[in-house]
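# Residue-level structural notes
The lines below spell out each chain.
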Amino acid sequence: MELIDRIPGQKAPLGKQALKDQISDKIAYMIHSGLLRPGDELPSERQLASTLGVSRETVRAAIGTLQERRMIEVSQGARTRVLGTGSFRLHESVSALKDLRHRSLQEVAEARAAVEVQVIHLAARRISAAQLQRLEALIREQETMLDDPVRFQISDQEFHSTLYRACGNNLLADVVSDFYGYALEFRRRVLLRKGAIGRSVKEHRAILEALKTRQPELAVQAMQRHLDQVRKTTQDEMGY
């Protein structure tokens, strides 16, 4: 199972947490960072379990925790909806994102590209068979999400998290994870554009196929094309 190994601001190693707490913290972080917004409908328990690589029982328990914190609303016969951050705080969970918001898109994009290129270069040499299989499974799921931006966003973060961890350097993975969180509120708008999700899925597929070759140069080229597209579409949405 590949699950996000770090949530910014988390004090204790995730391995020491109950699995349901890892999932609830993951979704809570998405809400705090703006990836998920009030009114968004969450994927079904089955879909979340598949995307996050856990059991439906674990997802159900995590949802129950978030419901108690009044971050989501669970209604009989309807999709679970995001309410907002409620009174629950993730302490310093988004401190890195707040710092980055004072930086320009160009500055962050350049820094992200520099770090992420190194991450993908290492991942091409170090990625495990299990991680390749995990990325393959996520992409296959993403191909069914072309009209479901919320579900795709969750899967997209899982895809990148798995990819970052594959580099085998936790410090690099942590840094690039913070860059990933920049301007999420604009990137989610981009996904509402016609064909945007499909384009991202194709770029993810190209990255994975390059990783399978174990040739760092090919993997870097595929990632650079993806990052160029992310930067351009985010820049357009921000009105630069």
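Criteria and cut-off values
Residues numbered from 1 in each chain as written. Predicted model: local features only at pLDDT ≥ 70, side-chain atom pairs only at ≥ 80, totals over all residues. Heavy atoms only, no water. Helix = DSSP H or I, 4+ residues; strand = E, 2+ residues; numbered from the N terminus. Areas by Shrake-Rupley, 256 points an atom, 1.4 Å probe, with all protein chains shown as cover. Axes fitted to C-alpha atoms, helices over the stretch in contact; angles between N-to-C directions. Parallel < 35°, antiparallel > 145°, perpendicular 65-115°, else oblique. Contact = heavy atoms within 4.5 Å. Phe/Tyr/Trp six-rings, centres within 6.5 Å; stacked < 30°, edge-to-face > 60°. Lys NZ or Arg CZ within 6 Å of the ring centre and 35° of its normal. Salt bridge = Lys/Arg side-chain N within 4 Å of Asp/Glu carboxyl O. Buried < 20%, exposed > 50% of the residue type's maximum accessible area, 1.4 Å probe, protein only. Expected span 1.5 Å × (residues − 1). Lys, Arg positive; Asp, Glu negative; His and termini not counted. Arc of directions from axis to C-beta. Core = buried A, V, L, I, M, F, W, Y, C linked by side-chain atoms within 4.5 Å. Domains from an automatic or database assignment. pLDDT = per-residue confidence, 0-100.

Regarding its fold elements, the protein chain presents eleven helices and two strands. Secondary structure elements of the protein chain, listed N to C terminal, follow the sequence α-α-α-β-β-α-α-α-α-α-α-α-α. For the protein chain, the computed accessible surface area is about 11,400 Å², with 48% contributed by carbon and sulfur atoms.

Bringing the packing of helix H2 (residues 45-52) against helix H3 (residues 56-68) into the picture now. Remark: H2 packs on H3, axes separated minimally by 8 Å, with the N-to-C direction vectors making an angle of 110°. Here H3 runs roughly perpendicular to H2, going by the angle between their axes. Each of Glu-45, Arg-46, Leu-48 and Ala-49 in H2 lies in contact with H3, whose residues at this interface are Arg-56, Val-59, Arg-60 and Ile-63.

One pass over the structure, following the stated rule, counts zero aromatic pairs. Directly above the ring of Tyr-180 sits Arg-187, whose terminal nitrogen or CZ lies 4.9 Å from the centroid.

Time to look at the pattern of salt bridges. In a structure, side chains of opposite charge can pair up when their charged atoms sit close to one another. Considering all chains together, one arrives at 16 salt bridges under this definition. Where Arg-140 meets Glu-136, a salt bridge forms, and the shortest distance between an N and an O atom there is 3.0 Å. Here Glu-136 and Arg-140 lie together in helix H6 (residues 129-142), a separation of four residues that amounts to about one turn. When its relative accessible area of 54% is taken as the criterion, Arg-140 is described as exposed.

Inspection of the secondary structure assignment puts Thr-80 in the loop between strand S1 (72-73) and strand S2 (81-82). Sequence separation of Thr-80 and Glu-41 is 39 residues, and the distance between their C-alpha atoms is 5.6 Å. Not counting chain neighbours up to four residues away, the residues in contact with Thr-80 comprise Asp-40, Glu-41, Leu-42, Ile-72, Glu-73 and Val-74.

Right, let's get into helix H11 (residues 216-238). Within an α-helix, residues lying three or four positions from one another point in the same direction, as the helix has 3.6 residues per turn. The end-to-end C-alpha distance of H11 is 32 Å, a good match for the 33 Å that 23 residues give at a rise of 1.5 Å each. Lining the buried residues of H11 we find helix H5 (105-126), helix H7 (149-165), helix H9 (184-190) and helix H10 (196-212).

Looking now at the side chain of Glu-141. Here Glu-141 lies in helix H6. One buried charged side chain, Glu-141, makes no salt bridge at all; its nearest oppositely charged neighbour is Arg-151, positioned 4.6 Å away.

A few words now on H3. Helix length check: H3, at 13 residues, gives a terminal C-alpha distance of 18 Å against a target of 18 Å (1.5 Å per residue), a fit within 8%. Along H3, the residues classified as buried are Thr-58, Val-59, Ala-62, Ile-63, Thr-65 and Leu-66. Across the axial projection of H3, the buried residues extend over an arc of 155°, all falling on one side. Every exposed residue of H3 that faces more than 90 degrees away from the buried side is listed here: Glu-57 and Glu-68.

All right, on to the nonpolar core then. Counting 62 residues, the largest nonpolar core has Leu-36, Ile-120, Leu-163 and Leu-211 as the members making the most contacts within it. No other element matches H5, which puts nine residues into this core. Counting residues domain by domain, this core receives three or more from each of domain 1 (16-82) and domain 2 (95-238). Setting aside its immediate chain neighbours within four residues, Leu-211 contacts Ile-120, Ala-123, Ala-124, Ile-127, Leu-132, Leu-135, Leu-163 and Ala-219.

As for its position among the elements, Gly-53 is in the loop between H2 and H3. Residue Gly-53 is classed as partly exposed on the basis of its relative accessible area of 29%.

What follows concerns the confidence of the model for the protein chain. Looking at the protein chain, pLDDT values average 84 and 85% of them are 70 or higher. With pLDDT under 50 throughout, residues 1-16 is counted as low confidence; its partners more than four residues away or in other chains account for 42 contacts. The low-confidence segment residues 89-98, where pLDDT is below 50, has 20 contacts with residues more than four positions distant or belonging to other chains.

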